[in-house]
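# Residue-level structure breakdown
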Amino acid sequence: VPMLPAFVFLCLEGLRRILPERFHSRALGTAALLALATNAPGLLQTVRTSLHQPLVVPHAAYDWLKAHAGPEDRVVSMDMMRLHYFTGLKGSLFLQSDNIDSFVRSARAAGARWVVIRDPGFIPPAKGVTDPTRWFYDRLVEYSASREFFEPVHRDDTEGVSIYALRPAVSGRPR
């Protein structure tokens with residue numbers, strides 16, 4: 001399969017060399033029609049199947065958040081786009097921080113009230129490769145595990161979504 005584009009290119013290059021220039025467009029069009037005709041049944045089946053299956057995106061956890069959050073509440077979540085689509089809430093994918101204290105300070109400064117974590121289903125990277133998205137996800141999971149700052153308020157195991165509320169700042173403490 002990885003060689004197929006190179007094979008097609010070489011075939012078309014061969015046609016270009018053996019045919020006079022005035023036939024190049026016709027030969028390319030004929031080759032394209034032939035490719036389409038041989039793949040048409042599979043393409044039609046794929047389109048037919050796609051159009052007849054309802055698109056179901058589970059979002060019960062996000063419905064819960066929408067019911068419990070105010071319209072001005074901010075959220076920190078690596079799944080922010082889907083979360084915004086279902087709830088209308090705004091927020092950040094991640095807040096730059098060196099440790100949990102700076103994360104919490106940044107969250108409070110940004111007006112974040114919620115942290116939402118959706119199981120990402122990451123595939124482990126190749127040996128020696130660092131995945132920055134995974135690094136941010138791991139930090140978010142680690143920070144939200146701190147019961148000093150975050151309270152678990154909702155978990156949907158079916159969807160793999162956990163929702164945490166940022167605890168209010170306690171006066172007299174530097175955090």
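Here, the structure is the one placed above.
Below or above, wherever it landed, is the structure these notes cover. (Residues numbered from 1 in each chain as written. Predicted model: local features only at pLDDT ≥ 70, side-chain atom pairs only at ≥ 80, totals over all residues. Heavy atoms only, no water.)

### A few points about the nonpolar core
To keep things clear, this is the line we draw: Here, the term nonpolar core denotes a set of buried Ala, Val, Leu, Ile, Met, Phe, Trp, Tyr and Cys residues that are joined through side-chain atoms within 4.5 Å. Partly exposed residues are those whose accessible area sits between 20% and 50% of the maximum for their type, while under 20% is buried and over 50% is exposed, using a 1.4 Å probe and protein chains only. For the purposes of this entry, the term helix denotes a DSSP run of H or I that reaches at least four residues, the term strand denotes a run of E that reaches at least two, and both are numbered from the N terminus. Pairs of residues are marked as contacts when any of their non-hydrogen atoms sit within 4.5 Å.
Formed by 16 residues in total, the largest nonpolar core has its most connected members in Val76, Phe103, Val115, Ile117, Leu140 and Phe150. The set of elements that each furnish at least two residues to this core consists of α5 (100-109), β3 (112-118), α6 (132-144) and β5 (161-166). When residues no more than four places from it in sequence are discounted, the contact partners of valine 76 are Ser92, Leu93, Phe94, Leu95, Phe103, Ala112, Trp114, Val115, Val116 and Leu140. Counting residues in each nonpolar core, the second largest holds 15 residues, with Ala61, Leu65, Phe86 and Ile163 among its members.

### So, the packing of aromatic side chains
Two numbers describe a pair of aromatic rings. These are the distance of the centres and the angle of the planes. Keep this limit in mind: Aromatic contacts are taken between Phe, Tyr and Trp rings whose centres are within 6.5 Å, Trp giving its six-membered ring; a plane angle under 30 degrees counts as stacked, one over 60 as edge-to-face, and the others as tilted.
In total, this model carries 10 aromatic pairs according to the counting rule given. Seen from their ring centres, phenylalanine 94 and tryptophan 135 are 6.5 Å apart, and the 65° between their planes marks the pair as edge-to-face. One end of the pair, phenylalanine 94, is in the loop between β2 (90-92) and α5; the other, tryptophan 135, is in helix α6, with 41 residues separating them in the sequence. Residue class for phenylalanine 94 comes out buried when judged on its relative accessible area of 13%. Judged by its relative accessible area of 39%, tryptophan 135 is partly exposed. Here the aromatic rings of phenylalanine 103 and phenylalanine 150 are separated by 6.2 Å at their centres, their planes lie at 50°, and the arrangement is tilted. Note that phenylalanine 103 is positioned in helix α5 and phenylalanine 150 in strand β4 (residues 150-156), a separation of 47 residues in sequence. With respect to burial, phenylalanine 103 and phenylalanine 150 carry one shared label: buried.

### Quick look at the packing of helix α3 (residues 60-68) against helix α4 (residues 80-87)
Convention followed: With axes taken as lines fitted to C-alpha atoms, and helix axes fitted only over the stretch in contact, angles between N-to-C directions fall between 0 and 180 degrees. Orientation is classified from the angle alone, with under 35 degrees giving roughly parallel, over 145 giving roughly antiparallel, 65 to 115 giving roughly perpendicular, and any other angle giving oblique. Left-handed describes a crossing whose near helix is turned anticlockwise from the far helix by less than a right angle; the clockwise case is right-handed. Note on residue classes: Ala, Val, Leu, Ile, Met, Phe, Trp, Tyr, Cys and Pro are nonpolar, Asp, Glu, Lys and Arg are charged, and everything else, Gly too, is polar.
In contact at an axis separation of 9 Å, α3 and α4 are set at 60° when each is read in the N-to-C sense. The pairing of α3 with α4 is recorded here as oblique in orientation. The chirality of how α3 crosses α4 is right-handed. Seen from α3, the contacting residues are Tyr62, Leu65 and Lys66; seen from α4, they are Arg82, Leu83, Phe86 and Thr87. Classifying every residue of the contact of α3 with α4 gives 4 nonpolar, 1 polar and 2 charged.

### Notes on the environment of alanine 31
Note on placement: alanine 31 falls in helix α2 (residues 24-52). The spacing of alanine 31 and cysteine 11 is 20 residues in sequence and 9.8 Å in space, taken between C-alpha atoms.

### Considering a nonpolar patch on the surface
Short version of the rule: Patch criteria: residues need more than 30% relative accessible area and no salt bridge. Like-charged residues are merged within 9 Å; nonpolar side chains of Val, Leu, Ile, Met, Phe, Trp and Tyr are merged within 5 Å. Residue burial considers only the protein chains on display, and all accessible areas are found by Shrake-Rupley using a 1.4 Å probe. A side-chain nitrogen of Lys or Arg and a carboxyl oxygen of Asp or Glu constitute a salt bridge if their distance falls within 4 Å.
Among the surface-exposed residues, Leu4, Phe7, Val8, Leu12 and Leu28 lie close enough to one another that they form a single nonpolar patch of about 460 Å² accessible area. Within the element layout of this structure, valine 8 appears in helix α1 (residues 4-18).

### Observations regarding the pattern of salt bridges
Within this structure, the stated rule accounts for 9 salt bridges. For aspartate 119, the salt bridge identified is with arginine 155, shortest N-O distance 3.7 Å. One end of the pair, aspartate 119, is in the loop between β3 and α6; the other, arginine 155, is in strand β4, and 36 residues separate them in sequence. The shortest N-O distance in the salt bridge between aspartate 157 and arginine 155 comes to 2.7 Å. A residue is classified by how much of its surface remains accessible, and aspartate 157, at 62% relative accessible area, is exposed. Taken together, the shared-partner salt bridges connect Glu13, Arg16 and Arg17 into one network.

### Observations concerning the sheet that holds β5
Threshold: A strand pair is defined by DSSP finding two or more bridges across the two strands.
Taken in spatial order, the 5 strands line up as β2-β1-β3-β5-β4 in an open sheet, and their pairing is mixed. Of all the strands in the sheet, the pair left with one neighbour each is β2 and β4. Averaged over all adjacent pairs, the angle separating strand axes in this sheet is 30°, with direction ignored. Note that β3 and β5 share 5 bridges and pair antiparallel. Bridge pairing links valine 115 to tyrosine 164 in β5.

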